[in-house]
Amino acid sequence: VTSSGKMTPTVVPVIDVQTNNFKELWPAMVLAFKTSSFIALDTELSGLGARKALLAESIEDRYKAICHAARTRSVLSLGIACYKKLDDKADSTYLVQVYNLTLLCTEEYIIEPKSVQFLVQHGFDFNKQYAQGVPYNKGNDKGGDAHEPNVRTLFVELLRANKPLVVHNGLIDMVFLYQCFYAHLPERLGTFVADLSEMFPGGIYDTKYATEYELRFTASYLEYAYKKCKLDNAKSMQTGGEGPCLFLEFCDYSGCLQGYVDYRPCSDSQSHDSSLNICVQFSAYGWCPNGSQCPMSHDTDLIIQQDEKTKEDKRKKRKRRKKQKVTWGEMGGSPQDKRAHLEDKEEDLVPAKEMVTCETSAPVSEHQQVGGKETDAICTGEPGRTHDKNGGGGSPAHGLTVGPGINTQHASEKDPTAASDGKVEGGTHRAGFDAFMTGYIFAFASILNQKPEESVAHPGIPGCQNKLYLSGKSVPLQVVKSTFSKSSKAHAHKMELVWGKKLL
């Protein structure tokens with residue numbers, strides 16, 4: 001495996017990991033962990049259960065609802081993107097290795113019909129999952145779990161690497177990762193947070209939080225944030241801007257490895273037909289209740305293109321008003337001055353994406369997606385992926401209960417208003433590529449405040465470390481151990497395995 005040296009790649013190589021090559025790829029994955037500068041993760045889930053509980057006003061209640069989902073559902077796929085800073089390259093250049101692990105829980109779990117529908121529409125192969133999924137058990141270690149190559153010991157290697165962990169709207173991810181690959185979840189949120197702070201001393205970064213509160217993009221769902229960062233980076237390279245630019249390199253895979261690689265399109269955005277009507281719901285949240293039946297455009301490139309045009313139009317409008325103020329000031333002032341000033345203020349206060357609902361009989365809720373990662377749809381406050389991992393109505397979501405013996409018992413369909421398929425491009429909603437996009441956002445955001453003479457030896461986003469985005473809340477969940485919270489016993493035992501010593 002050698003570095004390709006491609007600075008502006010058109011495809012992203014994603015290595016598919018399954019039972020028949022897991023042990024073969026184990027050394028490469030562990031080495032990628034150890035040599036990386038940071039690691040980005042993403043998951044595909046079998047469902048999330050009752051949506052209202054996931055958005056409870058009380059964060060403690062919200063945590064309990066996510067715990068219930070993690071105990072009764074499973075991780076179907078895990079995406080891992082390892083970004084390694086190349087110090088001998090110009091500007092900020094990273095060598096990126098992306099893995100997409102197809103997994104199979106060996107215990108009974110619920111899979112929601114809408115999740116199946118959504119994932120199939122976005123290319124997930126359930127036949128492949130049941131035939132080749134890497135098996136794992138949830139909760140605490142069992143038998144020889146801790147002493148042989150498996151998903152749980154791979155997660156231990158990730159912890160041992162002690163790198164910054166990057167997620168997008170990651171609270172649900174963190175809860176599922178803990179339950180599925182680490183240990184039984186603690187009952188209290190404070191204990192869980194205390195455990196997380198010790199599991200990832202390198203810090204946890206949530207690009208959903210960073211996109212909304214640091215980058216302040218018009219929208220913050222994953223695909224939008226990634227393409228906006230990519231566009232801004234391309235503009236910086238084309239104009240020869242003073243600030244540093246982000247460059248990526250990938251590995252050239254040859255021999256048997258080449259058969260494991262899925263090349264995902266990563267071409268630059270082209271000009272799009274601006275005469276098409278954009279779906280405002282999808283534009284704001286990355287999700288639309290009408291799904292693929294929506295007559296309006298769900299093209300993220302077109303959405304960004306129009307957002308950029310709107311921003312430029314507002315800039316020109318303010319510039320014209322400023323000139324008018326100067327002219328009137330020289331003539332002794334005008335009653336219109338105050339009105340123009342107020343209009344400027346009002347423009348700045350208008351939400352980035354005004355709420356406009358598509359024509360549909362289904363109510364829209366905050367967290368609108370089931371199996372995959374992110375499609376934010378919120379009608380209760382903020383745009384974003386807090387709504388990403390659920391789908392919406394108020395009724396509990398029922399599903400199929402499946403187990404290692406493929407023993408399937410059918411339960412009633414989930415509330416059809418809870419979630420729907422999204423009209424999205426083929427590159428999204430796959431754990432490996434989503435992890436790559438998450439890492440790209442983090443890498444780009446890390447260099448924005450970097451001074452020309454500085455080098456990003458340790459990537460990070462100021463003000464965003466250990467802050468997980470909370471849907472509908474103006475403050476994040478701080479991943480900091482409280483003086484009033486103790487770590488769980490299961491975690492303490494696991495830390496002995498990770499570090500070979502007891503925690504003080």
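An unreviewed UniProt entry lists the protein under the name Target of EGR1 protein 1, from Electrophorus electricus. The UniProt entry for the protein carries the following text under Subunit (unreviewed entry): "Interacts with U1, U2, U4, U5 and U6 snRNAs." In the Function (unreviewed entry) part of its UniProt record, the protein is described as follows: "Inhibits cell growth rate and cell cycle. Induces CDKN1A expression as well as TGF-beta expression. Mediates the inhibitory growth effect of EGR1. Involved in the maturation of snRNAs and snRNA 3'-tail processing."

Chemist: So what's going on with the overall build of the protein? Which residues, and what values?
Modeler: For the protein, the helix and strand inventory stands at 15 helices and 15 strands. Taken over 504 residues, the protein has a buried fraction of 57%. Long-range contacts, defined here as pairs at least 24 residues apart, represent 77% of the contacts in the protein between residues at least 6 apart. Summed over its atoms, the accessible surface of the protein is roughly 21,700 Å², and 53% of this surface lies on carbon and sulfur atoms.

Chemist: Requested: an account of the pattern of salt bridges, with residues and values cited.
Modeler: The tally for this structure, following the rule as stated, stands at 19 salt bridges. Between Lys85 and Asp87 there is a salt bridge, with the nearest N and O atoms lying 4.0 Å from each other. Within this structure, Asp16, Lys128, Asp262, Arg264 and Arg430 form a network of salt bridges that share partners.

Chemist: Would you mind going over the packing of aromatic side chains in detail, with residue names and values included?
Modeler: Inspection of the entire model under this criterion finds 24 aromatic pairs. Consider the rings of Phe155 and Phe200, whose centres lie 6.5 Å apart with planes at 75°: the pair is edge-to-face. Residue Phe155 is found in helix H6 (residues 151-161), and its partner Phe200 is found in the loop between helix H8 (189-199) and strand S9 (204-206); the two are separated by 45 residues along the sequence. For Phe155, a relative accessible area of 5% puts it in the buried group. With relative accessibility at 4%, the residue Phe200 sits in the buried group. Its guanidinium or amino end placed over the ring of Tyr469, Lys208 lies 5.2 Å from that ring's centre, counting from NZ or CZ.

Chemist: Tell me about the confidence of the model for the protein, and name the residues and values.
Modeler: Overall, the prediction assigns the protein a mean pLDDT of 78, with 72% of residues at 70 or greater. Per-element confidence in the protein is highest for strand S8 (residues 165-167), whose mean pLDDT is 98, and lowest for strand S13 (residues 409-410), whose mean pLDDT is 34. Confidence over residues 338-342 falls short of pLDDT 50; this stretch has three contacts with residues more than four positions distant or in other chains. Here residues 372-397 is modelled with pLDDT under 50, and outside its nearest four sequence neighbours on either side it reaches 163 contacts, counting other chains as well.

Chemist: Describe the environment of Leu104, with residues and values.
Modeler: Along the polypeptide, Leu104 turns up in strand S5 (residues 92-105). Residue Leu104 is classed as buried on the basis of its relative accessible area, which comes to 16%. Along the backbone, Leu104 and Thr19 are 85 residues apart, and their C-alpha atoms lie at a distance of 9.7 Å. Setting aside its immediate chain neighbours within four residues, Leu104 contacts Tyr109, Gln129, Tyr130, Gly133, Val134, Pro135 and Tyr136.

Chemist: A description of helix H15 (residues 489-499) should follow, citing residues and the corresponding values.
Modeler: Considered for burial, the residues of H15 that qualify are His491, Lys494, Met495 and Val498. Relative to the axis of H15, the buried residues are bounded by an arc of 105° and lie together on one face. Along H15, the residues that are exposed and aim more than 90 degrees away from the buried face are Lys489 and His493. Where H15 is buried, its residues touch H6, helix H7 (171-181) and H8. Gly500, located one to two residues past H15, shows a positive phi value of around 75°.

Chemist: Can you tell me about the nonpolar core, naming the residues and giving the values?
Modeler: Counting 79 residues, the largest nonpolar core has Leu101, Met174, Phe181, Phe192 and Phe200 as its most contacted members. With nine residues, H7 is the largest single contributor of residues to this core. Those residues in contact with Phe200, other than ones at most four positions away along the chain, are Phe155, Leu158, Leu159, Leu165 and Met174. Counting 48 residues, the second largest nonpolar core, distinct from the first, contains Tyr221, Phe282, Leu302 and Ala435.

Chemist: Now, about the packing of H6 against H15: what can you tell me, with residues and values included?
Modeler: Interhelical geometry of H6 versus H15 gives an angle of 70° and a closest axis separation of 9 Å. In terms of orientation, H6 and H15 fall into the roughly perpendicular class. Between H6, through Arg152, Val156, Leu159 and Arg160, and H15, the contact on the second element is made entirely by Lys494, Met495, Leu497, Val498 and Trp499. A per-class count over the contact of H6 with H15 returns six nonpolar, no polar and three charged.

Chemist: Lay out unusual backbone geometry with the relevant residues and their values.
Modeler: Even without being glycine, Asn162 reaches a positive phi, approximately 55°. By the secondary structure assignment, Asn162 is in the loop between H6 and S8. Positive phi values are uncommon outside glycine, yet Asn466 reaches one of about 55°. Along the chain, Asn466 falls in the loop between helix H14 (431-448) and strand S14 (467-468).

Chemist: So what about H14? Which residues, and what values?
Modeler: Taking 1.5 Å per residue, 18 residues should reach 26 Å; H14 reaches 26 Å between its end C-alpha atoms and fits that length. Burial analysis of H14 places 17 of its 18 residues in the buried class, which makes it a mostly covered element.

Chemist: If you had to explain the environment of Val30 to someone new, which residues and values would you point to?
Modeler: With respect to the helices and strands, the residue Val30 is situated in helix H1 (residues 22-35). It is 9.7 Å that separates the C-alpha atoms of Val30 and Phe155, two residues lying 125 residues apart in sequence. With near-sequence residues (within four places) excluded, Val30 lies in contact with Leu154 and Glu157.

How each quantity is defined
Residues numbered from 1 in each chain as written. Predicted model: local features only at pLDDT ≥ 70, side-chain atom pairs only at ≥ 80, totals over all residues. Heavy atoms only, no water. UniProt positions renumbered as here; feature names shortened; annotations may be inferred. Helix = DSSP H or I, 4+ residues; strand = E, 2+ residues; numbered from the N terminus. Buried < 20%, exposed > 50% of the residue type's maximum accessible area, 1.4 Å probe, protein only. Contact = heavy atoms within 4.5 Å. Areas by Shrake-Rupley, 256 points an atom, 1.4 Å probe, with all protein chains shown as cover. Salt bridge = Lys/Arg side-chain N within 4 Å of Asp/Glu carboxyl O. Phe/Tyr/Trp six-rings, centres within 6.5 Å; stacked < 30°, edge-to-face > 60°. Lys NZ or Arg CZ within 6 Å of the ring centre and 35° of its normal. pLDDT = per-residue confidence, 0-100. Arc of directions from axis to C-beta. Core = buried A, V, L, I, M, F, W, Y, C linked by side-chain atoms within 4.5 Å. Axes fitted to C-alpha atoms, helices over the stretch in contact; angles between N-to-C directions. Parallel < 35°, antiparallel > 145°, perpendicular 65-115°, else oblique. Nonpolar A, V, L, I, M, F, W, Y, C, P; charged D, E, K, R; others polar. Expected span 1.5 Å × (residues − 1).

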